[in-house]
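Each chain is listed here by its residues.
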Amino acid sequence: MPTIRACLTAAMLIAASQSAHAEWRFDNGVAIGTPRSTNSTLEAVVVACGDPFQLELYSRDDGPVLPESGGTADYFYTPGKIVASVDDHDYPLVAAGSDIAVVLFSEGTVAENHLAPVDRQLVEAMRDGARLALHFDITPANAADGSPYETFAIIPLEGAGAVLDAALVDCL
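Computed from a prediction, not measured in an experiment: that's the story for all the values here.

Here we look at helix α2 (residues 120-128)
- Listing the buried residues of α2 in full gives Leu 122, Val 123, Ala 125 and Met 126. What you see down the axis of α2 is that its buried residues fit within an arc of 160°, all on one side.
- Here α2 starts with a cap whose side-chain oxygen sits 2.8 Å from the backbone nitrogen of Gln 121, and that cap is Asp 119.

Considerations on the layout of surface pockets
- What the second largest pocket holds in volume is close to 170 Å³.
- Surrounding the second largest pocket, Val 83, Ser 85, Asp 90, His 135, Ala 143, Ala 144, Asp 145, Ser 147, Tyr 149, Glu 150 and Phe 152 form its lining.

Considering the packing of aromatic side chains
- Under the counting rule described, the total for this entry stands at two aromatic pairs.
- A ring pair is formed by Tyr 75 and Phe 136, whose centres lie 6.2 Å apart and whose planes are at 55°; its orientation type is tilted. Of this pair, Tyr 75 sits in the loop between β5 (53-59) and β6 (82-86) while Phe 136 sits in strand β10 (residues 131-136), and the two are 61 residues apart along the sequence. When sorted by exposure, Tyr 75 lands in the same class as Phe 136, which is buried.
- Through successive ring pairs, a cluster of aromatic residues spans Tyr 75, Phe 76 and Phe 136.

Some thoughts on the state of the cysteines
- In the structure shown here, the tally under the stated rule is one disulfide.
- Residue pairing for Cys 49: its cysteine sulfur links by disulfide to Cys 171, the two sulfurs lying 2.3 Å apart. Measuring handedness by torsion sign, the sulfur bridge of Cys 49 and Cys 171 sits at about -85° and is left-handed. Of this pair, Cys 49 sits in strand β4 (residues 42-49) while Cys 171 sits in the segment after α3 (160-167), and the two are 122 residues apart along the sequence.

Structural notes on α3
- Of the residues making up α3, those classed as buried are Ala 160, Gly 161, Val 163, Leu 164 and Ala 167. Seen from one end, α3 has its buried residues packed into an arc of 165°, which puts them on one side.
- In this structure, the buried residues of α3 make contact with β1 (24-27), β2 (30-33), β4 and α2.

A short note on the pairing of β4
- Where burial is concerned, most of β4 is hidden: six out of the eight residues are buried.
- Both β2 and β4 contribute to a ladder of three bridges, which runs antiparallel. Each bridged residue has a counterpart across the sheet, and for Ile 32 the counterpart in β4 is Val 46.
- As defined by bridge partners, β4 adjoins β5 across seven bridges and the pair is classed as antiparallel. Of the residues in β5, the one forming a bridge with Val 47 is Leu 55.
- Here β4 folds back onto β5 in antiparallel fashion, the turn holding three residues.

Concerning the side chain of Ser 59
- Looking at where Ser 59 falls in the secondary structure, it is placed in strand β5.
- The class of Ser 59 is buried, set by a relative accessible area of 4%.
- Of note is the side chain of Ser 59, whose polar atom sits 2.5 Å from the side chain of Thr 41.
- A polar side-chain atom of Ser 59 sits 3.2 Å from the main-chain carbonyl oxygen of Pro 64.
- With near-sequence residues (within four places) excluded, Ser 59 lies in contact with Thr 41, Leu 42, Glu 43, Pro 64 and Val 65.

As for the nonpolar core
- Formed by 37 residues in total, the largest nonpolar core has its most connected members in Trp 24, Val 45, Val 47, Leu 57, Leu 122, Met 126 and Leu 134.
- Here Leu 122 is in contact with Leu 55, Ala 84, Val 86, Tyr 91 and Leu 93, once residues within four sequence places are set aside.
- Counting residues in hydrophobic clusters, the runner-up holds eight residues, among them Val 30, Ile 32, Ala 48 and Ile 100.

Cut-offs applied
- Residues numbered from 1 in each chain as written.
- Predicted model: local features only at pLDDT ≥ 70, side-chain atom pairs only at ≥ 80, totals over all residues.
- Heavy atoms only, no water.
- Buried < 20%, exposed > 50% of the residue type's maximum accessible area, 1.4 Å probe, protein only.
- Helix = DSSP H or I, 4+ residues; strand = E, 2+ residues; numbered from the N terminus.
- Arc of directions from axis to C-beta.
- Polar contact = N/O pair within 3.5 Å; in protein donor to acceptor, adjacent residues only side chain to side chain.
- 1 Å grid on protein atoms, 1.4 Å probe; cavity = no way out; pocket = protein on both sides within 12 Å on 5 of 7 lines; lining within 4 Å.
- Points joined across faces, edges and corners; volume = space filled by probe spheres on them.
- Phe/Tyr/Trp six-rings, centres within 6.5 Å; stacked < 30°, edge-to-face > 60°.
- Disulfide = S-S within 2.5 Å.
- Contact = heavy atoms within 4.5 Å.
- Pairing = 2+ DSSP bridges.
- Core = buried A, V, L, I, M, F, W, Y, C linked by side-chain atoms within 4.5 Å.

Encoded structure:
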């Protein structure tokens, strides 16, 4: 069975050969979405069954999500550094690292090392919403709107519902 990494690599090659607009696709049991616009190194969002859901971010060079201009990642296991917004409803997230991805969790307690299972409401909003915006507070700079979230990725959700339903059939 191909690994998520192999599936993601194949999907990114396909995406690179297609038009620049974002899309969602189902590949080997996971939903893969690509950003339409970003000022980061984020290349793909992967949603799969986990505990109960797994939300992973893949960046260039198999590293953490960083601003296009570079920098270092100092946002792991720290609340208040990442927010997912679906149609202007915010879901605070916390990141953990893996060998090749940034794994996102809902904000948890100190006893959970701030890593709670991904909120079902976030996944349902992604299934039914129009736009997912991921906002990161990676650098000391503020965004143009004055918020600390200077780094972003916008992933349209057109077509995501059916793809997410297929990928999450065993965990919804």
